[in-house]
Amino acid sequence: MTSDDHRIETRAIHAGQEPDEETGALMTPIHANSTYVQDGPGEHRGYEYSRTGNPTRTDLEENLANLEGGEHGRAFSSGMGAINTVLNLLSAGDHVVTGEDVYGGTHRIFTQVYEEYDLEFSFVDMTDLDEIEAAMREETELLWLETPTNPLMSIVDVEGAAGIAHEHDVLCAIDNTFASPYLQRPLELGADVVCHSLTKYIGGHSDLVAGALITDSDELDERFGFYQNSVGATPGPFDCFLALRGTKTLPVRMDRHCENARRIATWLDDHAGVDRVFYPGLEAHPGHEIAAEQMDDFGGMLSFELDGTLEEASTLVSETEVFTLAESLGGVESLIEQPAPMTHAAIPREERVAAGLTDSLIRVSVGIEHVDDQIADLEQAIEAAVE
Ligand code: PLP
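Rules used throughout
Residues numbered from 1 in each chain as written. Predicted model: local features only at pLDDT ≥ 70, side-chain atom pairs only at ≥ 80, totals over all residues. Heavy atoms only, no water. Near = heavy atom within 4 Å. Polar contact = N/O pair within 3.5 Å; in protein donor to acceptor, adjacent residues only side chain to side chain. Areas by Shrake-Rupley, 256 points an atom, 1.4 Å probe, with all protein chains shown as cover. Helix = DSSP H or I, 4+ residues; strand = E, 2+ residues; numbered from the N terminus. Nonpolar A, V, L, I, M, F, W, Y, C, P; charged D, E, K, R; others polar. Expected span 1.5 Å × (residues − 1). Buried < 20%, exposed > 50% of the residue type's maximum accessible area, 1.4 Å probe, protein only. Arc of directions from axis to C-beta. Contact = heavy atoms within 4.5 Å. Pairing = 2+ DSSP bridges. Axes fitted to C-alpha atoms, helices over the stretch in contact; angles between N-to-C directions. Patch = residues over 30% accessible without salt bridge, like charges linked within 9 Å, V, L, I, M, F, W, Y side chains within 5 Å. Salt bridge = Lys/Arg side-chain N within 4 Å of Asp/Glu carboxyl O. Lys, Arg positive; Asp, Glu negative; His and termini not counted. Charge placed at Lys NZ, Arg CZ, Asp CG, Glu CD. Domains from an automatic or database assignment. Buried area = accessible area lost by both parts, 1.4 Å probe. 1 Å grid on protein atoms, 1.4 Å probe; cavity = no way out; pocket = protein on both sides within 12 Å on 5 of 7 lines; lining within 4 Å. Points joined across faces, edges and corners; volume = space filled by probe spheres on them. Phe/Tyr/Trp six-rings, centres within 6.5 Å; stacked < 30°, edge-to-face > 60°.

Colleague: Just to check I follow, could you spell out the site of the ligand for this structure?
Modeller: In the vicinity of the ligand lie 13 residues, with G79, D175, S197, T199 and K200 positioned nearest. For the ligand, an oxygen atom lies 3.4 Å from a polar atom in the side chain of Y103. D175 places a side-chain nitrogen or oxygen 2.6 Å from a nitrogen atom of the ligand. In isolation the ligand exposes 390 Å². Once the protein is present, 90% of that is buried. Considering every element that reaches the shell around the ligand, the biggest residue donor is helix 3 (residues 79-87), with 3 residues. Grouping the constituent residues of the shell around the ligand by class yields 6 nonpolar, 5 polar and 2 charged.

In structure tokens, the structure reads:
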């Protein structure tokens, strides 16, 4: 139905999916089965138990692998399930280099789960390749990247970072959740493993939690499959179906997310009540040039600092109507949140401010509503906050 020569818009709709052979059903059926009949002991027809494999999941995995330009995809019950599976590759005494501003849940599994198992983590400024190089040790086995980062939208040079990892014989894995494969394909830039929270842009409708790993390596894929089956953090067929439905519209949604975010970032940048805007699409953003090289567009996430106090910023995020006050991101609906008392509340204030996460910082997941309604909503909320 589709070939690798087709463009991503075509592959997003067709890759991994053929009409059902028996019934002609166009859409991948939701195979709500735990087990499968065997024609004789050990003679199964490709599937034996749904933790090990499920046809709806297979279609999703093939679709995601195709979109990332990779050979193999594996789906998990959450983005964290996918991240955990990469960490399953490591052993006590191994060392990991990662960013000081990685997603909070990733920071938590690193420090509160895997440090207990005697893994060591170095958190560095990943925008500086020299810092990555300096953090490498004899015991380093994994470089874990995220770009753009949350919530300051810092940009990591994926090709440069992967090059350093490989010089040291270290695996390079990247969380591509913020960009999605429509905007950034890290395997082409030298990464070994791409990780996703499908919960975000790929699902796209805030109605599922799932994750994925994509790689070109047969050996890594085999190990990921082993951990899928042995650890069991696999998604059910309903969630796989929803994620597959999401990928079909990923390109059109992302185009609108990017277009709206660019308009809003430019508008905020000119607003007298706003101190700073963090959006890689703005030329003044320190990562703009690298983002322009390694991404096809700049994404739908942005942050800004209100010229005001923590309380005024709290008023702003409580006053919006088109933007819903909520954590998470990547859905068709616009979300707004204030990192200081919400997503980053666990970080002591001094440390948080030193990392650039000021009290009045506001993060926005720009949805695909009409951009004029989004801007009017932000305008009235800013006025209400600082009046
Ligand atoms: N990676 C990033 C960048 C995220 O923002 C999140 C969740 O917010 C995750 C991973 C974890 O994904 P999930 O919530 O699907 O477990």
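Colleague: How should helix 13 (residues 371-386) be read in this particular structure?
Modeller: The α-helix advances 3.6 residues per turn, and as a result positions three or four apart in sequence lie on the same side. Taking 1.5 Å of rise per residue, the 16 residues of helix 13 would be expected to cover 22 Å, and the 23 Å separating its terminal C-alpha atoms lies within 8% of that figure. Taken residue by residue, helix 13 has V371, Q374, I375, D377, L378, A381, I382 and A385 as its buried positions. Down the axis of helix 13, the smallest arc covering the buried residues is 160°, so these residues share one side. Of the surrounding elements, those touching the buried residues of helix 13 are helix 9 (237-269), strand 10 (274-278), strand 11 (301-306), helix 11 (310-319) and strand 13 (335-337).

Colleague: Can you help me understand the sheet that holds strand 13 in this one?
Modeller: Within a beta sheet, neighbouring strands are joined by backbone hydrogen bonds and run either parallel or antiparallel to one another. Ordered by their spatial adjacency, 5 strands build an open sheet running 10-11-14-13-12, and the pairing between neighbours is mixed. In the strand order of this sheet, the two ends are held by strand 10 and strand 12 (324-325), each with one partner. Its contacts with the sheet place helix 11 against strand 11, strand 12, strand 13 and strand 14 (361-365), and it is angled at close to 135° to strand 11.

Colleague: What is the right way to read a negative patch on the surface from this model?
Modeller: Negative charge collects at one region of the surface, where D4, D5, E71, D216, D218, E219 and E222 lie side by side. Inspection of the secondary structure puts D216 in the loop between strand 9 (211-215) and helix 8 (218-231). For D216, a relative accessible area of 39% gives the class partly exposed.

Colleague: Even after reading the chapter, I still don't get the domain arrangement of the protein, so can you show me in this structure?
Modeller: Many descriptions give the size of an interface as the accessible area lost when the pieces come together. Taken as a whole, the protein is organised into domain 1 (8-246) and domain 2 (251-386). Centre-to-centre, using C-alpha coordinates, domain 1 lies 27 Å away from domain 2. Listed by partner, the interface residues are 31 residues for domain 1 and 35 residues for domain 2. Note on domain 1 versus domain 2: buried area summed over both sides is about 2600 Å², and carbon and sulfur give 63% of it. Three residues stand out in domain 1 for area buried against domain 2, namely L152, L183 and Y201, and they jointly supply 28% of the buried area on that side. Applying the counting criterion to the domain 1 and domain 2 interface returns 1 salt bridge. The salt bridge involving R185 is made with D296; its shortest N-O contact spans 2.8 Å.

Colleague: Got a minute to help me understand the pattern of salt bridges in this structure?
Modeller: Side-chain pairing between opposite charges can occur once the charged atoms of the two side chains come close. The final tally for this structure, using the stated rule, is 12 salt bridges. In this structure, the salt-bridge partner of E139 is R137, at a minimum N-O distance of 3.9 Å. Owing to a relative accessible area of 35%, E139 belongs among the partly exposed residues under this scheme. Residue R137 is classed as partly exposed on the basis of its relative accessible area, which comes to 33%. E337 is the partner of R363 in a salt bridge, and the nearest nitrogen-oxygen pair spans 3.5 Å. Highlighted residues: R363 in strand 14 and E337 in strand 13, separated in sequence by 26 residues. In terms of burial, R363 and E337 fall into one category: buried. A single salt-bridge network, built from bridges that share partners, covers E120, R137 and E139.

Colleague: I would appreciate a short explanation of the layout of surface pockets in the present structure.
Modeller: Over the atoms rolls a probe the size of a water molecule, and in doing so it shows where empty space is left. The computed volume of the second largest pocket comes to approximately 440 Å³. Looking at the second largest pocket, it is lined by 18 residues, and the ones nearest its centre are D20, H31, Y47, P55 and D59. Its residues placed into classes, the lining of the second largest pocket shows 6 nonpolar, 6 polar and 6 charged.

Colleague: Would you mind showing me how to read the packing of aromatic side chains here?
Modeller: Working definition: an aromatic ring pair is given by the centre-to-centre distance plus the angle between the planes. Tallied over the full model, the rule gives 7 aromatic pairs. The interplanar angle of 15° and the centroid separation of 4.5 Å between the aromatic rings of F110 and F121 together place this pair among those described as stacked. Placement of the pair is F110 in helix 4 (residues 104-114) and F121 in strand 5 (residues 120-124), with a sequence separation of 11 residues. For F110, a relative accessible area of 0% corresponds to the buried category. Assessed through its relative accessible area of 10%, F121 is described here as buried. Between F121 and F123, the ring centres sit 6.5 Å apart and the planes meet at 25°, which makes this aromatic pair stacked. Grouping aromatic residues by their ring pairs yields a cluster made of F110, F121, F123 and W144.

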